[in-house]
Each structure stands twice: as structure tokens, then as C-alpha cells.
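# Observations on chain architecture
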Amino acid sequence: MHFLGAAMDVVICTAKEQDAWRDALSACLPEARVHVGVEAPQCDYAVVWKPPSAFFAGQPRLKALFSLGAGVDGLLAMPALPREVPLVRMEDVGMAAQMIEYALYVTLRRFRRFAEYAEAQAEGRWAPRSYRDRHDFPIGVLGLGVLGGAVARALADFGFDVSGWSRTAKTIEGVQCEHGSAGLDVMLGRSELVLVFLPLTGDTEGLLDRERLAKLPEGAALANLSRGELVDDEGLLEALDSGWISEAYLDVFAREPLPAEHRYWTHPRVHMTPHVAALTPHDVACEQVAEKVRRLEAGLPVSGVVDRVRGY
Ligand code: NAP
Ligand code: GLV
């Protein structure tokens, strides 16, 4: 679809790589004047990631606001965010493939016991373990949306025993789908590895507390790739200290960068990455924004509009 009307103004405001984003959006949306930052003139559309609060005061006539990320918890928490302007989030734009890569790394490392063999090598032990079928390795995926759904499908296609959990009922071929709080307990209880792809909302904050972590089988592993606030850090550290949870793969943290004194940095059972599980590629993301701007200008609906009540 191509936009044929009058020129419009779009502003990009991001905490990093703002000029690279402007160049990418200008290339994808040549019919728009693309501005950057808090000093931009009043625009029709804004594309943002972690903007300062002052940004919104200077943009009173926005028709829509685009998030450069899939998660919108940070934006929704800003009191200055205009409530009446549609907020549109990123959908996939290459992030699902990156989440699949991360999930496969964790899954294969656990399933093929590579960490155990490294430990045995360090101790000079020749310690082969017996064969195990992929179908006998139960994995739980929390969140079956764009990212979690893609991961659940990929792991099931690979032959693992996958169950998933979402707010509403789902059907995904090869995946045992659960929903609601009873469904959560069922899937936690059977999962040797739990992968988290839930958005941070009022309902999911602190979801993985001591009680829920205790429902995992002894020796299970957790990978949190969505938002740090979903996990009770003290509860997780206790479970790691006792060995009930044998490993945690953490890409996201309640405070980022993670404070230098935090125990996660040095815990032998924690594997950290600095919020890089899925990055937003500039060109693909700007193509998605451009396509949606054109649809909005043509009076057509777009996908990815955030429901402010449910919070994602
Ligand atoms: P999405 O498409 O909106 O999917 C969210 C999923 O979570 C849906 O299946 C939804 O259920 C489920 N859900 C929401 N609230 C729930 C609740 N209270 N109980 C049970 N299930 C619930 O989001 P996405 O694009 O997959 O992204 C997921 C999250 O990943 C983002 O919000 C962001 O925090 C995180 N993320 C992290 C990175 C990184 O680099 N670490 C990168 C991108 C995104 P329904 O299907 O029933 O609605
Ligand atoms: C990154 O964390 C995102 O939400 O896209």
C-alpha cells in the first residue's frame, strides 16, 4: 500500500541509536518528514523507546504512538503517556527467530547435559549419561503470543514435549495448551525447563514467586526472557541456593543494568545476558511502522494495538 496524501511529520525518540533509527524510517517512509527527539516539531506519529516524560508534552496532536519494542510496560507506566492516542507495539520483526535461537541454546544445553560434561571434564571424570529421547524432556512455555507461541511451536517441531500457558485458551499443534491459574500449576509441575515470554502487567508481576517456583520439579531450570519483574528475585535465589532450581538463564532484570552488588552476577547457577534475547532490527521494524502508518492514513485498522486495560 502506498500513501498518496499530503506530507506528514513523524518523530523518533529513543534512548539509543536515534539517528540510525531516523535514517531507517526515512528510507521506509519517504513520504514523511522524519524528526528526532524532544525538540521535534508537533508530529502526526511518534516512534519511541524509553522517551523522557517531557517528550509527550511537546506532541499534543499525535494520531498514533509506536513502540520500538514488543513490551510496552515501560511506556504504560509513564504518567505523561497520552491515554487517548492508540499505542501500537512491535510484532515479531525478527524477534521470534532470535527467541527461538535463545530457547534452543538453553534447551539443548540442558537436554544434552553439556554443563554436566564440562564439570566432569574440569574434574577429570569420564562420566557418560544414558540415552534420553526428546519426547521425554518436558518444557513449559509461559506466554503463547507472537514470541512464546513461535518458541513453543519450534520446540514441539523439534520433537520436545512442550506445554504452554496463556491468558485465553489456545490450540497449537503439538503443544499441550493450558490457561488460567489451575493450568499454570499443571504445567509448572511437569516442566523440567520453564521459558518465560509473558508481558509485564498487573497480573503477571511477581507471578513466579516462592510458592510457584516450588511447584517445579526438583532440579528444573528457568529461563526468563521477557521482564525481570515477573520473577521474585529473593525466592529464585533461595531456590537456586538449595538446588531446587538447578539453573536460571536470565536476560532481563527488575533493575537494568543489574546493580553491581546483585547476587545474580556471581551465582554459580545463574547465566546472564544483558537484555539482548531479541533485539529490534532497524530496517524490518521501520518497514512494519511504515506499513501501519500508511494503513492508519488510509483509515484501515492495524494489528498490535495495545489494550490499555489488560496491559499488553
Ligand atoms: P504477546 O504477543 O502480546 O504475547 C503475550 C502472551 O502472554 C500471550 O499469549 C498472552 O495470552 C500471555 N499472557 C498475558 N498476560 C497473561 C496472564 N495474566 N496469564 C497468562 N498468560 C498471559 O507478546 P510477545 O510479542 O510475545 O512478547 C512477550 C514479551 O516478551 C514482551 O511483553 C516483552 O516483555 C518481552 N520481550 C523481551 C525481549 C528481550 O530481548 N528480552 C524482546 C522482546 C520482547 P493471550 O494469548 O491469551 O493473550
Ligand atoms: C524488548 O525487551 C522488547 O520488549 O522488545
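Residues numbered from 1 in each chain as written. Chains lettered and ligands numbered in written order. Predicted model: local features only at pLDDT ≥ 70, side-chain atom pairs only at ≥ 80, totals over all residues. Heavy atoms only, no water.

## Here's the deal with the overall build of the chain
- Of regular secondary structure, the chain possesses 10 helices and 12 strands.
- The globule rule puts the C-alpha radius of gyration for 312 residues at 20 Å, and the 21 Å found for the chain is close to it.
- Here the C-alpha coordinates of the chain stretch approximately 70 × 45 × 35 Å along the principal axes.
- Here the chain, with 312 residues, has 49% of them falling under the buried criterion. (Helix = DSSP H or I, 4+ residues; strand = E, 2+ residues; numbered from the N terminus. Rg over C-alpha atoms; globule rule 2.2 N^0.38 Å. Buried < 20%, exposed > 50% of the residue type's maximum accessible area, 1.4 Å probe, protein only.)

## Examining the sheet that holds strand E6 (residues 138–142)
- The sheet built from 7 strands is open, its strands ordered E8-E7-E6-E9-E10-E11-E12 with parallel pairing. Every interior strand has two partners, whereas the edge strands, strand E8 (175–179) and strand E12 (270–272), have only one. Adjacent strand axes in the sheet meet at a mean angle of 15° when their direction is disregarded. (Pairing = 2+ DSSP bridges. Axes fitted to C-alpha atoms, helices over the stretch in contact; angles between N-to-C directions.)

## Things to note about the pattern of salt bridges
- Under the definition given, this model contains 19 salt bridges.
- Lys 63 serves as the salt-bridge partner of Asp 44, at 4.0 Å between the closest nitrogen and oxygen. Residue Asp 44 is found in the loop between strand E2 (32–36) and strand E3 (45–49), and its partner Lys 63 is found in the loop between helix H2 (54–57) and strand E4 (64–67); the two are separated by 19 residues along the sequence.
- Here Asp 44 falls in the buried class, since its relative accessible area comes to 9%.
- Salt-bridge contacts for Asp 241 lead to Arg 263; the nearest nitrogen and oxygen are separated by 2.9 Å. Linking Asp 241 in helix H9 (residues 233–242) with Arg 263 in the loop between strand E11 (245–250) and E12, this pair joins segments that are 22 residues apart in sequence. (Salt bridge = Lys/Arg side-chain N within 4 Å of Asp/Glu carboxyl O.)

## Quick word on the packing of aromatic side chains
- Scanning the entire structure with this criterion turns up 7 aromatic pairs.
- Arranged with centres 5.2 Å apart and planes meeting at 85°, the rings of Phe 111 and Phe 160 form a pair that is edge-to-face. Pair noted here: Phe 111 is in helix H4 (residues 95–111) and Phe 160 is in the loop between helix H6 (146–157) and strand E7 (161–166), with a separation of 49 residues, a long-range link. A single burial state applies to Phe 111 and to Phe 160, both of which are buried.
- By the ring-pair criterion, three or more aromatic residues cluster together here, those being Phe 111, Phe 137, Phe 158 and Phe 160.
- Taking NZ or CZ as reference, Arg 134 lies 4.3 Å from the ring centre of Phe 158, over its face.
- Over the ring of Tyr 312 we find Arg 310, and its NZ or CZ is 4.0 Å from the ring centre. (Phe/Tyr/Trp six-rings, centres within 6.5 Å; stacked < 30°, edge-to-face > 60°. Lys NZ or Arg CZ within 6 Å of the ring centre and 35° of its normal.)

## Observations concerning the site of ligand 1
- In the vicinity of ligand 1 there are 30 residues, among which Arg 89, Thr 168, Lys 170, Asp 251 and Tyr 312 approach most closely.
- Leu 147 places a polar main-chain atom, nitrogen or oxygen, 2.9 Å from an oxygen atom of ligand 1.
- Between Lys 170 and ligand 1, the recorded distance is 2.7 Å, taken from a side-chain N or O atom to an oxygen atom.
- At the level of secondary structure, the elements contributing two or more residues to the shell around ligand 1 comprise H4, H6 and E7.
- In terms of residue count, H6 provides more of the shell around ligand 1 than any other element does, 3 residues in total.
- Across the shell around ligand 1, the residue classes break down as 15 nonpolar, 9 polar and 6 charged. (Near = heavy atom within 4 Å. Polar contact = N/O pair within 3.5 Å; in protein donor to acceptor, adjacent residues only side chain to side chain. Nonpolar A, V, L, I, M, F, W, Y, C, P; charged D, E, K, R; others polar.)

## Considerations on the site of ligand 2
- All residues adjacent to ligand 2 are Trp 49, Gly 69, Ala 70, Gly 71, Met 95, Arg 227 and His 275.
- Measuring from an oxygen atom of ligand 2, one finds a backbone N or O atom of Gly 71 at 2.7 Å.
- Residue Arg 227 places a side-chain N or O atom 2.8 Å away from an oxygen atom belonging to ligand 2.
- For ligand 2, the accessible surface in isolation is 200 Å², of which the surrounding protein chains cover 86%.
- For the shell around ligand 2, a count of residues per class yields 3 nonpolar, 3 polar and 1 charged. (Areas by Shrake-Rupley, 256 points an atom, 1.4 Å probe, with all protein chains shown as cover.)

## A look at the nonpolar core
- Counting residues in each nonpolar core, the largest one holds 55 residues, and the members touching the most others are Leu 25 and Leu 195.
- When we break this core down by domain, the ones giving at least three residues each are domain 1 (8–93 + 280–297) and domain 2 (95–272). (Core = buried A, V, L, I, M, F, W, Y, C linked by side-chain atoms within 4.5 Å. Domains from an automatic or database assignment.)

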